[in-house]
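Here is what each chain is made of, one letter per residue.
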Amino acid sequence: MVAVPMEQRSYTTGTKRFLAGCSILLISISLYPLSPAPQIRPSIHARQVLEAYRRAYPDRIESVAWQNNDWVIQIQGELFYWAQGRLLPESHRERWQEYKPYVFYLYPDDAPAPQNYTAERIAELERIGSAEHQMNGPDHHNGFRSALYGGAKRGDVERNLVKVRFLGKTISVHAMIQEQVLRIDERIRGFAKTDSDVAQFLTNLGSIGGYNWREIRGTSRISMHSFGLAIDIQPKRLGSKAIYWQWEAERNPQWMLVSQSNRWAPPEAVIKAFEAEGFVWGGKWDLYDQMHFEYRPELHEISKLYMIFSTLQKYGIGGE
Ligand SMILES: [Zn+2]
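Definitions and limits used
Residues numbered from 1 in each chain as written. Predicted model: local features only at pLDDT ≥ 70, side-chain atom pairs only at ≥ 80, totals over all residues. Axes fitted to C-alpha atoms, helices over the stretch in contact; angles between N-to-C directions. Helix = DSSP H or I, 4+ residues; strand = E, 2+ residues; numbered from the N terminus. Parallel < 35°, antiparallel > 145°, perpendicular 65-115°, else oblique. Left-handed = near helix turned anticlockwise from the far one by under 90°. Contact = placed C-beta atoms within 7 Å. Nonpolar A, V, L, I, M, F, W, Y, C, P; charged D, E, K, R; others polar. Pairing = 2+ DSSP bridges. Buried ≥ 20, exposed ≤ 12 C-beta atoms within 10 Å, placed from the backbone. Core = buried A, V, L, I, M, F, W, Y, C linked by C-beta atoms within 7 Å.

Visitor: Tell me about the packing of helix 7 (residues 178-191) against helix 10 (residues 268-275), and name the residues and values.
Guide: What describes two packed helices is the angle between their axes and the distance between those same axes. Direction vectors running N to C along helix 7 and helix 10 enclose 155 degrees, while the axes themselves pass 9 Å from each other. Classed by the angle they form, the pair helix 7 and helix 10 counts as roughly antiparallel. For the element pair helix 7 and helix 10, the recorded crossing hand is right-handed. For the pair helix 7 and helix 10, contact is made by Ile 184, Arg 187, Ile 188 and Phe 191 and by Ala 269, Val 270, Ala 273 and Phe 274, respectively. Looking at the contact of helix 7 with helix 10 residue by residue, the class counts come to seven nonpolar, no polar and one charged.

Laid out in structure tokens, this is it:
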């Protein structure tokens, strides 16, 4: 039995009530990136994820509200229903089963520790990593990302791009993250003056990639690079280190067990500089992508809300 909040009002104010309503449920967020979030109390999980989006994009998102038996988010005048995590417009909400759900997770402080993986976890990663799993199944409905990022078709996306100088190279990114990228650049170059790891990282810098229109096998499946919202940083020399799970999987069936010391990684200060500007690092994913940073401020907001709720719970406040 799911307790469904019955209020109809727009949820643009009233943080306290929001906090009180959601405290316990936050714990149900998956701690494992790329694992489906548990479907416990979905209506409240939905509210908290949408609220995190509203906090992350205050200029683009007008409201989060309970409407027509589901949570709804309004982006630039367009409405999207939670629809079991599919984020669909009214016209498609009844057909939610045809779409892939978006996955939300608590962004971890540290990269995973493969030496502690259980047999079940390894089997699960083998399953997720199998080529079958990557290619089969439905895709996201792109309406939500299109509204949030200002277009999901190639022509629309390209109109949103700007060129920026980043660590000595020129890359194209979404105008939405131009200032963030410039601040990250400034911070990293500042660190290099005193941090020898960062200085060495800059010396060994190979290629940097931003916008890259990628479609997977003629489907409409597109990555964050296709929106200009992801940046890849590769070193000149990788040595024998792993950098991307899929490349590693081609030569090593135990790709998920490669230790952190055998994975290439940017210096901690570089990762922190990205995170401070709303990016997440792919090295913290179980399906690791060590070169990859993407702009997901909503995930940081989910983590912040989680911290608040944990504290409230610790002092016995805000439980349901
Ligand atoms: Zn990437």
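Visitor: Pulling in residues and values, what's your account of the sheet that holds strand 3 (residues 78-81)?
Guide: An order of 1-2-3 is seen for the three strands of this open sheet, with the pairing classed as antiparallel. Whereas interior strands pair on both sides, the edge strands pair on one side only; in this sheet they are strand 1 (61-67) and strand 3. Neighbour-to-neighbour, the strand axes of this sheet turn through a mean angle of 25 degrees, independent of strand direction. Of the strand pairs in this sheet, strand 1 and strand 2 (residues 70-75) are connected by six bridges, and their pairing is antiparallel. Across the sheet, residue Val 64 finds its bridge partner in strand 2, namely Ile 73.

Visitor: Which residues make up unusual backbone geometry, and what values do they have?
Guide: The phi angle at Gln 76 is positive, at roughly 50 degrees, despite the residue not being glycine. Here Gln 76 lies in the loop between strand 2 and strand 3. Given 12 C-beta atoms within a 10 Å radius, Gln 76 is considered exposed. Not every positive phi belongs to a glycine, and Gln 84 is a case in point at roughly 55 degrees. Along the chain, Gln 84 turns up in the loop between strand 3 and helix 3 (119-129).

Visitor: Please give an account of the nonpolar core that cites residues and values.
Guide: Within the largest apolar cluster, 69 residues are counted, with the highest numbers of intra-cluster contacts made by Leu 50, Ile 73 and Phe 80. By residue number, the principal contributor to this core is helix 2 (residues 42-56), which donates six residues. When neighbours within four sequence positions are excluded, Leu 50 is seen to be in contact with Val 64, Trp 71, Ile 73 and Trp 82.

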